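As a plain string of letters, each chain reads:
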Amino acid sequence: MPLPWGHPDSYLQTMALIMQTSGIRKRYGSVQAVDGVSLDLEEGSCLGILGPNGAGKTTTIEIMEGILEPDEGTILFRGQPIGKDFKRKVGIQFQTTALPEFITVKETLRLFSAFYPNPRPMDEIVDLCSLQDILERDNRKLSGGQRQRMLLALAIVSRPEVVFLDEPTTGLDPQARRNFWDLVGRIKAEKATVILTTHYMDEAQVLCDEVAIMDHGRVLERGTPASLLSRHFTGALVKIPKGCIEGDMPESGKMVADYLEIQSTNLGDTMRELLAAGVNLEGLSIHKPDLEDLFIELTGSSLRS
Ligand SMILES: Nc1ncnc2c1ncn2[C@@H]1O[C@H](COP(=O)(O)OP(=O)(O)O)[C@@H](O)[C@H]1O
Ligand SMILES: [Mg+2]
């Protein structure tokens, strides 16, 4: 949605920044896991860090969470370097977490609530995270989607100001992913600031006010999904598999990964051009460009590869 003033990204300067990270670097042996990441986070917004496996997403957010020491760079929370106090202000859903065994969901919530001075009331958490039906279930018996709901509940027990979710829907089936999106929507509605990592572009498109696209430890692009897409694409995206092009390359196209891509503002003209160039239209697809296309455009490879 276009904003009423100036460049779509300029509103960042006018809002309160809750977190500012600059020049974050982290190396593991010969691997530069994070290679100079700077991200500002507006209060109440949802930032998505998008990237394939190994891009450096987990390392980046663990540094922002204050649980991993960067080699270089600074992290500010409300303008101050993060200290002991910060840990009480954040809620974290780790990419992998062990849950206590042999106790139920309800008992686990009680246990975690007891860690905090002012925990959210149990009813509220159960409601927010749709845990009604699994309260009496042993943690070991939870499905993937139930487990993620439970982990989200644990992340928000303390009423955190910033909630970190590391690939919260990886491995879930499409329905469970959509259910989880609803829950994140509820948390956003409560004005918490949310940072989530994902390699699902559709997830980012649905949940995030802003996305940072990461690959090889760096942020390649940052902005609202709409502004990123309009920065790189105009019109519809026409794609034709490489094998369908026999003669000359149509002038308006370019090769991206294994496809000829044309950004078309006039599909009639584009089709005529393709036919004139002798392109086999059999494998042609036309769609509105999305973040997945953008990722391929930026890196030449797909997110899942
Ligand atoms: N504790 C670690 N020891 C060694 N290498 C690591 C460690 N953590 C991450 N890495 C490496 O750093 C890179 C980024 O990892 P990570 O931040 O987990 O990426 P992502 O979350 O995007 O999949 C990968 O190449 C990974 O193998
Ligand atoms: Mg990760």
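Residues numbered from 1 in each chain as written. Chains lettered and ligands numbered in written order. Predicted model: local features only at pLDDT ≥ 70, side-chain atom pairs only at ≥ 80, totals over all residues. Heavy atoms only, no water.

1. Side note on unusual backbone geometry
As a rule of thumb, non-glycine residues mostly have phi less than zero, and peptide bonds are mostly trans rather than cis. Going by this rule: What counts as a helix is a DSSP run of H or I of at least four residues, what counts as a strand is a run of E of at least two, and both are numbered from the N terminus.
Despite not being glycine, Glu167 has its phi angle at roughly 45°, a positive value. By the element assignment, Glu167 lies in the loop between strand S7 (162–166) and helix H5 (174–189). Even without being a glycine, Lys191 presents a positive backbone phi close to 75°. Note on placement: Lys191 falls in the loop between H5 and strand S8 (193–198).

2. Remarks on the site of ligand 1
This is how the line gets drawn: Any residue with a non-hydrogen atom lying within 4 Å of a molecule or strand is treated as near it. For the purposes of these results, a polar contact is taken to be a pair of N or O atoms within 3.5 Å, where, inside protein, one atom must be able to donate a hydrogen and its partner to accept one; residues adjacent in sequence count only when each atom of the pair is a side-chain atom. For the area figures, the Shrake-Rupley method with a 1.4 Å probe applies, and any residue is considered shielded solely by the protein chains shown. Following the grouping adopted for this structure description, the nonpolar residues are Ala, Val, Leu, Ile, Met, Phe, Trp, Tyr, Cys and Pro, the charged ones are Asp, Glu, Lys and Arg, and the polar ones are all others, Gly among them.
Lining the immediate environment of ligand 1, one finds Tyr28, Val31, Ala33, Pro52, Asn53, Gly54, Ala55, Gly56, Lys57, Thr58 and Thr59. In the model, an oxygen atom of ligand 1 is placed 2.7 Å from a nitrogen or oxygen of the Gly54 main chain. Here an oxygen atom of ligand 1 and a backbone polar atom of Gly56 are 3.0 Å apart. In isolation ligand 1 has 570 Å² of accessible area, and contact with the protein removes 59% of it. Looking at the shell around ligand 1, the elements that each hand over two or more residues are strand S2 (31–42) and helix H1 (57–64). Among the elements that make up the shell around ligand 1, the one with the highest residue count is H1 (three residues). Its residues assigned to classes, the shell around ligand 1 shows five nonpolar, five polar and one charged.

3. Remarks on helix H7 (residues 225–232)
Stated formally: Throughout, exposure labels follow a simple rule: accessible area from a 1.4 Å probe, protein chains only, divided by the maximum for the residue type, with under 20% read as buried, over 50% as exposed, and the rest as partly exposed. Every residue pair with non-hydrogen atoms within 4.5 Å of one another is taken to be in contact.
Taken together, the buried positions of H7 are Pro225, Ser227, Leu228 and Leu229. In this structure, the buried side of H7 is in contact with helix H6 (201–207), strand S9 (210–215), strand S10 (218–223) and helix H9 (291–299).

4. Describing the pattern of salt bridges
Applicable threshold: Between Lys or Arg on one side and Asp or Glu on the other, a salt bridge is scored when a side-chain nitrogen of the former is within 4 Å of a carboxyl oxygen of the latter.
Enumeration according to the criterion identifies 21 salt bridges in this entry. Note that Glu297 and Lys254 form a salt bridge whose closest N and O atoms lie 2.5 Å from each other. Placement of Glu297 in helix H9 and of Lys254 in strand S12 (residues 254–256) is noted, with a sequence separation of 43 residues between them. Linked by salt bridges that have partners in common, Arg25, Asp35, Glu72 and Arg218 make up one network.

5. Re H1
By the criterion of burial, H1 is predominantly enclosed, with six of the eight residues buried. Buried within H1 are the following residues: Lys57, Thr59, Thr60, Ile61, Ile63 and Met64.

6. Here we look at the layout of surface pockets
For clarity, the cut-off: Cavities and pockets were defined on a 1 Å grid built from protein atoms only: a cavity is a group of points that admits a 1.4 Å probe but offers it no way out, a pocket is an open group of points flanked by protein on both sides within 12 Å along at least five of seven lines, and a lining residue is one with an atom within 4 Å of any such point. Grid points are joined across faces, edges and corners, and a volume is the space filled by probe spheres set on the points.
By volume, the largest pocket amounts to about 300 Å³. Lining the largest pocket are 18 residues, with Ile92, Phe94, Phe112, Tyr116 and Leu154 positioned closest to its centre. Secondary-structure elements contributing two or more residues to the lining of the largest pocket are strand S6 (90–93) and helix H4 (144–156). Looking at the lining of the largest pocket, the element that brings in the most residues is S6, giving four residues. Looking at the lining of the largest pocket residue by residue, the classes come out as twelve nonpolar, four polar and two charged.

7. Things to note about the domain arrangement of the protein
Stated formally: The domain limits used here are those given by an automatic or database domain assignment.
Assigned domains of the protein: these are domain 1 (15–230) and domain 2 (234–288). Look at where the C-alpha atoms of domain 1 and domain 2 centre, and you get two points 39 Å apart.

8. Some points on the environment of Phe233
Locating Phe233 in the fold gives a position in the loop between H7 and strand S11 (236–241). For the pair Phe233 and Gln263, spaced 30 residues apart in sequence, the C-alpha separation works out to 6.7 Å. Discounting residues that sit within four places of it in the chain, Phe233 has contacts with Glu261, Gln263, Pro289, Asp290, Asp293, Leu294 and Glu297.

9. So, the coordination of the magnesium ion (ligand 2)
Rules: For Na, K and Ca the donor cut-off is 3.2 Å, and for all other metals it is 2.8 Å, counting N, O and S atoms only; because water is absent from this set, sites may look incomplete.
Distances from the magnesium ion (ligand 2) to its protein donors, Thr58 (OG1) and Gln95 (OE1), fall within 2.0 to 2.3 Å. With Thr58 in helix H1 and Gln95 in the loop between S6 and helix H2 (105–113), this residue pair connects regions lying 37 residues apart in the sequence. Thr58 gets classed as partly exposed once you look at its relative accessible area, which sits at 23%. Classification of Gln95 as partly exposed rests on a relative accessible area of 38%.

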